[in-house]
Amino acid sequence: MSKEEPGYIEAFRRRTEKLLKEVQQLQETLAPDLSIPNANRVREEELSHLEHSFFLKANGHFDLHISEDEMLCTGDFYPPTPEGAPIDPDKVQERLHTLGVIHGVDRDTLSHALLTCNVDRKEVLDVVIARGTPPTPEVPAHYVLEEQFQEKKPATVTEEDKVDYRTFSPFTIVKKGDRLARLVPFKPGMFGRNIRGRELPYPVERVQLLVGGKNLETREDGIYATKDGVLKIQDNKISVEEILYVPGSVDYHTGNIDFPGDLLIDGDIQEGFQVRTAGGLLCKGTIYASDVFCKGDLVVHGGIIGKGKSKIVVEGAIRVRFLENCYIESKQDVYSEVGSLHSIVYTLGTFRTGKKGLVVGGKITAQEGMEIANIGTSTSPKTELILGNDYQVQRKLELIKDKSIEISLKLKELDSILKRDPENKELSAAREALLQNLKVLVEASQRLIHFLTRNENACINVSGTIVPGTYIEICNVSFIVPRLLKSVSLYLNRKMGRVEVRALPKL
Amino acid sequence: MGKTAGKRILMIDDEVTVLDALQMILGELGQSVDTTSDPFEGERKALENEYDLIITDLRMEGKTGDEIVKSVLSKKKNARILVITAYSTEPMAQAALKAGALALVRKPFEISKILSFLERR
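Residues numbered from 1 in each chain as written. Chains lettered and ligands numbered in written order. Predicted model: local features only at pLDDT ≥ 70, side-chain atom pairs only at ≥ 80, totals over all residues. Heavy atoms only, no water.

Caption draft 1: Region of interest: the interface of chain B and chain A. Each side of the interface is counted separately: chain B has 20 residues, and chain A has 23 residues. With both chains or domains summed, chain B and chain A bury close to 1900 Å², and 62% of this area falls on carbon and sulfur atoms. Counting across the interface, chain B meets chain A through one salt bridge. Among the ionic pairs, E28 of chain B bridges to R321 of chain A, the shortest N-O distance being 2.7 Å. The tally of links from chain B across to chain A stands at two residue pairs in polar contact (both at pLDDT 80 or more). Contributions of two or more residues to the side of chain B that touches chain A are made by α1 (16–28) and α5 (111–119) of chain B. With seven residues, the top contributor of residues to the side of chain B that touches chain A is α1 of chain B. Among the residues forming the side of chain B that touches chain A, the class breakdown is 11 nonpolar, three polar and six charged. (Contact = heavy atoms within 4.5 Å. Buried area = accessible area lost by both parts, 1.4 Å probe. Salt bridge = Lys/Arg side-chain N within 4 Å of Asp/Glu carboxyl O. Polar contact = N/O pair within 3.5 Å; in protein donor to acceptor, adjacent residues only side chain to side chain. Helix = DSSP H or I, 4+ residues; strand = E, 2+ residues; numbered from the N terminus. Nonpolar A, V, L, I, M, F, W, Y, C, P; charged D, E, K, R; others polar.)

Caption draft 2: Here's a closer look at the nonpolar core. I269, L298, I304, F351 and I472 of chain A are the most contacted members of the largest nonpolar core, which totals 53 residues. When residues in this core are grouped by element, the largest group, four residues, is from strand β41 (residues 485–493) of chain A. Every residue in contact with I304 of chain A, bar those within four places of it in the chain, is listed here: I287, L298, S310, I312, V320, F322, L323, E324, C326 and I328 of chain A. By size, the runner-up hydrophobic cluster in this structure holds 29 residues, among which are I9, I25, L82 and I111 of chain B. (Core = buried A, V, L, I, M, F, W, Y, C linked by side-chain atoms within 4.5 Å. Buried < 20%, exposed > 50% of the residue type's maximum accessible area, 1.4 Å probe, protein only.)

Caption draft 3: Seen up close, the sheet that holds strand β2 (residues 72–78) of chain A. Residues and elements named next belong to chain A. The sheet built from three strands is open, its strands ordered β1-β2-β3 with antiparallel pairing. Only two strands of the sheet have a single neighbouring strand rather than two, namely β1 (61–66) and β3 (124–131). Pairs of neighbouring strands in the sheet enclose a mean axial angle of 25°, with direction left out of account. Where β2 meets β3, five bridges bridge the pair, whose relative direction is antiparallel. From the neighbouring strand, T74 faces β3, where its bridge partner is V128. Running over the sheet, helix α4 (residues 107–118) touches β2 and β3 and is turned about 160° from β3. (Pairing = 2+ DSSP bridges. Axes fitted to C-alpha atoms, helices over the stretch in contact; angles between N-to-C directions.)

Caption draft 4: Looking closely at unusual backbone geometry. All names here are of chain A. We note that E70 has phi near 60°; this positive angle belongs to a residue other than glycine. Among the residues examined, E70 registers a relative accessible area of 22% and is labelled partly exposed. Its identity is not glycine, yet R121 carries a phi of approximately 55°, on the positive side. With relative accessibility at 38%, the residue R121 sits in the partly exposed group.

If you want it as C-alpha cells, here you go:
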C-alpha cells in the first residue's frame, strides 16, 4: 500500500498499536529469560534495579555505615517492589543498636527516609541518620590586634587612577588612648561525644599570646596606648615607640610619613615626599625638594635643597648645614652652617650662619636679628634682609590688604551697576555686606599693626663682608647698602628713624 | 649621602666665599671638591687631573671662563665643564657654550643642577 492510498494511515495506526502490545508482553515475560546470552552484558546494578523495580518480588531493605572516626552513621534505603514488604523501622533501630549507635541519632531524618522509601518507593541513599558531637576547643584569654592596626594603610589612588606610592607607609602610627588590642575572654572547652557514646576530649586552641610592652596600659577590655608613637610588634610583644627610626631614606620604601612623635631618619628625604611630625625631626642626610612640617626642632646633618618647591614649616628651631632654593618657616632660631642660597626664610627668632657662612639672594626675615658671616657676592642677585617684624602678623596684614583691595574693586563695580539699576535690592544688600566686611578688615589691620613691630633692637652683625645693593629693613625702616662693608653691625637708630652702620667690636 | 657621592669636582672661582660655601655643600653631599680662586691654576689642575665635573666662573682676573673651557676641551675632549654666571646672555657665556661647555649655571649656586650633571655621568 502506497502512502497515497486511502486507509494507509488507519492501517499504520493499527500496526503500531499491535507492536506496542507485543512489546508490553515481551516486557512481562522478560524476567525468566535473564539467562539469555546478552544478559551477561547487563551490569549488576542495572539488574538489581530491574529486580527491585519491575520484575522481582523484593522486600525493602537498608544498609548502615559508620565513618572511621565514628562521628557519622549514614544509611542507604531501598524501597520494596510492589509485591514486597516495606522496611520495618524497628529493624533499623535494632541494627543501630547492634552497631552501638546511641548518640546523635536524627530520628526525624530517619523517619523521613523510611517514609520516602516505603511509601514513595524511592531509594534514599547516603543519608546521615546519626551524627556525633565534636568537642569545643578551649580558648585561652588573649589579646588580638585591632583590625586597623593589622593592615597597612593602602596607597592612595590619584584622580588619574594612578597609585601614589608615596602615600604608602610601612609604619603603623598610633595615638595616645587608641585601643591597640582587644581582650578575647577565656572560653571553656566542652567534651564531644561520638555516635557510639564515647566522650571526646577537647583541644586547647592555639592563639597568639600578645604581651603589652612599653607605653601601653592594660585595661579590662584591651591594651591601650599611653603615648603617641609607632606600633612595634616583636616576639608577640607589642609596644609603642615614641621615636620613629627610619633606617634609610624617606622614599618609596617608606612613603610619606606622618608621625605623632619624634622622627629619626638615617638617610635623606627624597624629592617629592612629605614628612610630618608632632615632635622633633633629625635627618642625617639631606632634604631634597620635599615638604616637612615639624612641631619640634628640625636638625638636618646635610642641607636642604629645595629646587624652589620645598616647603619647611617648623615650630621649633632649625639647624642645618645649608639652605638652597628653599622656603623655611620657623617660630624659633634658624642656624645654617654654610648659609642660605636663594632661599626664603621666616623666623620669629634669630638667623645665624657659621664662621664662613654666606647668604646670597632670596629673603631672610628674622624678628630677633641676624648673625651672618658674608652677605652677597659681587655678581649675585640682590639679597633682602628683614628684621624686627613678626612675619606671621605681616603675612596676615598682607592678606588683609589683598582682600581689602579685592572688596574695593568689587564695590566699584557694584556702584557702577547700581547707578543704572538703583532699585536692585539684591545688589544693594550685597554692597552693604561688602562694606561691612571691609570695615571689619580695616579694624583688624588697625589692631594687628600694633603687633607687627616686635623688636626694634634687632640688628645684623656681619663678621665678613656685605656687598652693595643688599636691601635691609629693620622695623619697616629701609636701608640699601651703599658700598662694600666689612665687620659691621647694622641697627635701627630709633631717635633718628634710620638704619645705621657701626663697626663690630674686634674680638 | 646623595646618589652622586664620591665624584671629583674642580671648582674655579675668584670669589673665595662662594668657593668655601660650595666646597662645604658639595663635600657634605659626599663629593670630593678641589677648589682654586686662580684661573691659571684651575686650568692647570683641569688638564693634569681627572674630574667628573669642572665648574668655572666666567668673569675672573687674568683669564675668563670661556677661555678655560676652550683650552681644556682642546686638550681633553671628554672633560665636562659647567660655567657659572650671573648673566646667561652675556657674550662670554655664549662663547663658553659654543666652546663646548655643558651648561650655564646661575651664579653663584644651583646645587640641584650641579647634582643632576653629576648623576648623568
